[in-house]
Each structure stands twice: as structure tokens, then as C-alpha cells.
Amino acid sequence: MDAATRAEFTALLTERRREAERDAAIRQDALGGVIAARDDPAGGDDEHDPEGATLADEWSRLEGLRIGALRELSEIDAALGRLRDGTFGICVRCGAPIPAERLRARPTATMCVPCASRR
Ligand SMILES: [Zn+2]
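Just so it is clear, the model here is predicted, and its values are computed rather than measured.

Moving on, we get to helix 2 (residues 55-85). Over its 31 residues, helix 2 runs 45 Å from end to end, which matches the ideal 45 Å to within 8%, given 1.5 Å per residue. Among the residues of helix 2, those classed as buried are L62, E63, R66, A69, L73, I76, A79, L80, G81, R82 and L83. Looking at the buried residues of helix 2, the elements they touch are helix 1 (3-39). A positive backbone phi angle near 85 degrees is found at G86, which sits one or two residues after helix 2.

As C-alpha cells, then:
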């Protein structure tokens, strides 16, 4: 992979990392809001929307989103690490280069398409 392509993916992943970090922070804040609502003795907020999700449902939904954002962060960090050590864009299973179009669509991909579809 040439230096220009590496720079392109470094920029792409750095941008995605910023977004994932912001996402994780937003989810964290939302979870904090659910805790506050649950702990509020006057917080019978469920009454306003009896058909709506209960706090427990909301909690598991937000926790799932938060974990998703954290997982994405760690995948992005791993991809940035591969960019630094020169293994970025090389399929971990067969060692073939992963096409740049695939990496542009999915910069955290660790396998080429044939290997990824042959799990
Ligand atoms: Zn492969």
C-alpha cells in the first residue's frame, strides 16, 4: 500500500474514530439520564406514555448501542494500529491484499471478501 493510500485511510479512520467516540459519549449520557429518571422518587414519567418503552427496556436498548459504539472504537483502534505496523489492508486469513474499494466501504475489515464470506 502506498503512502497516499495509507494517508487516506488514516484520515478516514481518524474521522470515524471521532464519530464513534462522540457516539459512545452520547450513549453514556443517555444512560445517565435513564438512571436519573429511575432514581427520581417523583419520576413517574412512564405515565405520560403508557405505551412507551419501560425504563428497563430503554436501558437495555441504550446499553446495547453504547456497547456497539465501544466495539466500533476498538475495531477502529485496531485498524489504525495495522496502518502503523504496515499490516493494514492485508487479509488476516489468506494474506492477500484487501481491495481498496472494500476498505473504503469498510475500513475496519480484516479479511478479503472471499474469506469473510467463508467463515
Ligand atoms: Zn482472504
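So, about the packing of aromatic side chains. One pass over the full model with this rule turns up one aromatic pair. When the ring of F9 is compared with that of F88, the centres are 5.2 Å apart and the planes differ by 50 degrees; the resulting orientation is tilted. Here the residue F9 occupies a position in helix 1, and F88 occupies one in the loop between helix 2 and helix 3 (100-105), the gap between them amounting to 79 residues. A relative accessible area of 0% means that F9 is categorised as buried. Taking the relative accessible area as the measure of exposure, F88 reaches 4% and is therefore buried.

Inspection of the secondary structure puts R82 in helix 2. Comment: no salt bridge for buried R82; closest opposite-charge side chain is D85, at 7.0 Å. When residues no more than four places from it in sequence are discounted, the contact partners of R82 are T87, F88, T108, A109 and T110.

We now examine the UniProt feature "zinc finger region: dksA C4-type" (unreviewed entry) in the protein. Under the feature "zinc finger region: dksA C4-type" (unreviewed entry), the UniProt entry names residues 91-115. End C-alpha to end C-alpha, residues 91-115 measures 8 Å, and it is 36% helix and 0% strand.

Let us look at the packing of helix 1 against helix 2. With their axes 8 Å apart at the nearest point, helix 1 and helix 2 run at an angle of 160 degrees to one another. It follows from the interaxial angle that helix 1 and helix 2 lie roughly antiparallel. Crossing handedness for the pair helix 1 and helix 2: left-handed.

Analysis parameters
Residues numbered from 1 in each chain as written. Predicted model: local features only at pLDDT ≥ 70, side-chain atom pairs only at ≥ 80, totals over all residues. Heavy atoms only, no water. Helix = DSSP H or I, 4+ residues; strand = E, 2+ residues; numbered from the N terminus. Expected span 1.5 Å × (residues − 1). Buried < 20%, exposed > 50% of the residue type's maximum accessible area, 1.4 Å probe, protein only. Contact = heavy atoms within 4.5 Å. Phe/Tyr/Trp six-rings, centres within 6.5 Å; stacked < 30°, edge-to-face > 60°. Lys, Arg positive; Asp, Glu negative; His and termini not counted. Salt bridge = Lys/Arg side-chain N within 4 Å of Asp/Glu carboxyl O. UniProt positions renumbered as here; feature names shortened; annotations may be inferred. Axes fitted to C-alpha atoms, helices over the stretch in contact; angles between N-to-C directions. Parallel < 35°, antiparallel > 145°, perpendicular 65-115°, else oblique. Left-handed = near helix turned anticlockwise from the far one by under 90°.

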